[in-house]
Every structure is written in C-alpha cells, then in structure tokens.
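# Remarks on the overall topology
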Amino acid sequence: MTWKTSATLRVTHTFFEMLGNFSFGDYFKPDAIQFAWEFLTSEQWMGLPKEKLWVTVYETDDEAYDIWVNKMGVPAERMIRIGDNGGAPYASDNFWGDGRHGPCGPCSEIFYDHGEHIWGWSTRLA
C-alpha cells in the first residue's frame, strides 16, 4: 500500500500505520509493546481512548498475545490473531520481512475503531 492508495481508504491513517518501532538488541517485544501502548493511550502523548483500540498479532505469536492481554490489559475480545495469506508460510499482514533475506518476524498492529458509521474493523467483526 502506498500513501496514494491509503489516502483513499476511510479506515487507514498512514501516520500510525507507518510509525514503526524496530530494535536490534536495545529492547525487545515486551518493551516495544509497552512503548506503543503508552504512546497511543497516555494523556502525556496521544491520549487515545483504550476502549477504541483493537490489536492484531501474528497467529502463532503467543508471547505478544499474552503481553497485550495480561500486561497491557487489552480485552481478549479486541485481540485478533492473523494467520498466513493463502497458506503461504509467513505471508501475513502480521509478519514483517525485508525481502527473501534479512530481518523478519511477527508483529503487532493497533487499529482505532471509529464506530459503526465508518466501515472497517467494527463493521466487519459484527
């Protein structure tokens, strides 16, 4: 997806989608998740209401799921596990990679639910 195509979708905000949190040894998954959640929900930063946020994780990433639910307090009803597209290993929206070779791994995405009047997560899951 490019900025040109994302700008036409009512459920995408490119700033958040493209804001990445990458670390090669300084901190790991628990800290990255905490940093992301704090940035989005803390009154010191964005102050988004927690009850409007949905989180996706890679289908087999039990570690991330556990952190989101048990440490960040995201209700299991607002957690979605996303598997591989078409059965191809690691071909998922929640598995990032740098081409055929290079760093890769499962990831989380955070989505803002605008409500049922705007098509997106809430209307697709109802």
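As shown above, the structure is provided for reference.
Residues numbered from 1 in each chain as written. Predicted model: local features only at pLDDT ≥ 70, side-chain atom pairs only at ≥ 80, totals over all residues. Heavy atoms only, no water.

## A short note on the sheet that holds strand β2 (residues 79–82)
The pairing of strands in a sheet happens through backbone hydrogen bonds and is either parallel or antiparallel. What counts here: The rule for pairing is simple: two strands pair if DSSP sees at least two bridges between them. Only DSSP runs of H or I with at least four residues qualify as helices, and only runs of E with at least two residues qualify as strands; both kinds are numbered from the N terminus onward. Think of each axis as a best-fit line through the C-alpha atoms, taken over the contacting stretch in the case of a helix, with angles from 0 to 180 degrees between the N-to-C directions. The criterion used for residue contact is that any of the two residues' heavy atoms lie within 4.5 Å.
What the three strands build is an open sheet, ordered β2-β1-β5; its pairing is mixed. Among the strands making up the open sheet, the edge pair consists of β2 and β5 (108–112). For this sheet, the mean inter-axis angle between neighbouring strands, taken without regard to orientation, is 25°. One ladder, built from four bridges, connects strand β1 (residues 53–58) with β2; its direction is parallel. Opposite Thr56, over in β2, you have Ile80 as the bridge partner. Packing of helix α3 (residues 29–41) onto the sheet brings it into contact with β1 and β5, and relative to β1 it is tilted by some 165°. Lying on the sheet, helix α4 (residues 62–71) is in contact with β1, β2 and β5; it crosses β2 at an angle near 170°.

## Considerations on α4
Since the α-helix turns once every 3.6 residues, residues separated by three or four places project in the same direction. Test applied: Buried means the residue's accessible area, taken with a 1.4 Å probe over protein chains only, is under 20% of the maximum for its type, while exposed means over 50%, and partly exposed covers the values in between. The directions from the helix axis to the C-beta atoms are what the arc is built from.
Of all the positions in α4, only Ala64, Ile67 and Trp68 are classed as buried. End-on view of α4: buried residues confined to an arc of 90°, all on one side of the axis. Away from its buried face, by an angle of more than 90 degrees, α4 presents the exposed residues Asp62 and Asn70. The elements touched by buried residues of α4 are α3, β1, β2 and β5. The first or second residue beyond α4 is Gly73, which carries a positive phi of 80°.

## Digging into the nonpolar core
To keep it simple, the criterion reads: For this analysis, a nonpolar core means a set of buried residues of the types Ala, Val, Leu, Ile, Met, Phe, Trp, Tyr and Cys, connected via side-chain atoms within 4.5 Å.
Counting residues in hydrophobic clusters, the biggest one holds 12 residues: Ile33, Trp37, Leu40, Leu53, Val55, Val57, Ala64, Ile67, Trp68, Met72, Val74 and Met79. When residues of this core are traced back to their parent elements, those giving at least two are α3, β1 and α4. Here Trp37 is in contact with Ser42, Lys50, Leu53, Val55, Trp68, Met72 and Val74, once residues within four sequence places are set aside.

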